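Structural overview
These are the residues of each chain, in order.
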Amino acid sequence: MIRFSTKAIAGIAAGVALAGGGVTTALAYGGTSEAASAPQAQNAPAQAEKRVDSAAQDRMLVAVKKDKDPKNAKKDAKAAALPGGVSTATSFWDPSTASGKPMSYHTIASPYWPLGTKVKITYNGKSEIGVVDDFGPAEWAVAQHNPPALIDLSEKMMQHLTGTASNSITIKFQVLELGKGGVYRHSGTGYDTATGKA
């Protein structure tokens with residue numbers, strides 16, 4: 001029979017506990033040879049992995065339950081109801097805006113969305129989020145493009161997206177949040193696309 005010193009047993013117990021196998025494995029096979037106890041020591045990491053997998057599955061179930069929360073469902077339905085589509089975007093830069101806020105990189109203009117509306121604009125794989133702080137383009141400018149020009153981007157945003165400050169491009173848009181400010185027009189070319197009625 002092989003005997004282990006107290007120090008050796010303490011070391012084995014600490015190692016097994018760290019591996020997640022528990023002290024019981026070390027104590028149950030404390031009086032056997034190293035060769036006989038090796039299979040059990042090898043099983044300890046596997047048992048620890050099973051416990052980790054089980055814990056991960058429990059966390060996934062909790063995440064799924066959270067996703068089924070009625071509040072989340074309402075948010076998803078509201079986001080799905082917000083307009084999105086394809087538009088022509090032109091560019092502009094004015095010293096003052098209809099909202100009274102200073103012109104900035106994120107300033108965009110629209111004739112149909114309320115001031116304060118947040119819109120995601122995507123062009124050639126690049127996306128930016130703009131805020132409607134001004135009105136425009138004018139009806140004649142909207143109508144002269146196909147698809148209609150529903151959005152004016154700040155020249156700085158246009159420069160970032162295309163490499164040219166003054167430009168006219170076809171973009172994808174998705175309204176992320178409707179603002180609470182004023183609206184310039186309630187009808188006109190492209191109105192149904194801008195408001196999700198098309």
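**Focus on the nonpolar core**
What tends to happen in soluble globular proteins is that the nonpolar side chains get buried as a cluster. Ile108, Trp113, Val119, Ile121, Ile151, Leu153 and Ile171 are the most contacted members of the largest nonpolar core, which has 23 residues in total. Only strand S3 (118–123), strand S5 (149–154), helix H6 (155–162), strand S6 (168–177) and helix H7 (191–195) provide two or more residues apiece to this core. Here this core gets four residues from one element, more than from any other, and that element is S6.

**So, the environment of serine 96**
Within the secondary structure, serine 96 sits in the loop between strand S1 (84–92) and strand S2 (107–109). For the pair formed by serine 96 and aspartate 133, sequence separation is 37 residues and the distance between their alpha carbons is 9.6 Å.

**Quick notes on the pattern of salt bridges**
Here the structure, examined in full by the defined rule, presents one salt bridge. Close ionic contact of arginine 185 with glutamate 139 constitutes a salt bridge, the shortest N to O distance being 3.3 Å. You can see arginine 185 sitting in the loop between S6 and H7 and its partner glutamate 139 sitting in helix H5 (residues 139–143), a full 46 residues away along the chain. Relative accessible area serves as the criterion here: at 16%, arginine 185 is assigned to the buried category. Given the relative accessible area of 30%, glutamate 139 is considered partly exposed.

**Thoughts on the sheet that holds strand S4 (residues 126–134)**
An order of S1-S5-S2-S4-S3-S6 is seen for the six strands of this closed barrel, with the pairing classed as mixed. On average, each strand axis in the sheet is inclined to that of its neighbour by 45°, with strand direction left out of account. In this sheet, S4 lies alongside S2 in parallel orientation, the contact comprising three bridges. The partner of alanine 109 across the bridge, within S4, is aspartate 134. Sitting on the sheet, H6 touches S1, S2, S3, S4, S5 and S6, and the angle it makes with S5 is about 95°.

Parameters at a glance
Residues numbered from 1 in each chain as written. Predicted model: local features only at pLDDT ≥ 70, side-chain atom pairs only at ≥ 80, totals over all residues. Heavy atoms only, no water. Core = buried A, V, L, I, M, F, W, Y, C linked by side-chain atoms within 4.5 Å. Buried < 20%, exposed > 50% of the residue type's maximum accessible area, 1.4 Å probe, protein only. Helix = DSSP H or I, 4+ residues; strand = E, 2+ residues; numbered from the N terminus. Salt bridge = Lys/Arg side-chain N within 4 Å of Asp/Glu carboxyl O. Pairing = 2+ DSSP bridges. Axes fitted to C-alpha atoms, helices over the stretch in contact; angles between N-to-C directions. Contact = heavy atoms within 4.5 Å.

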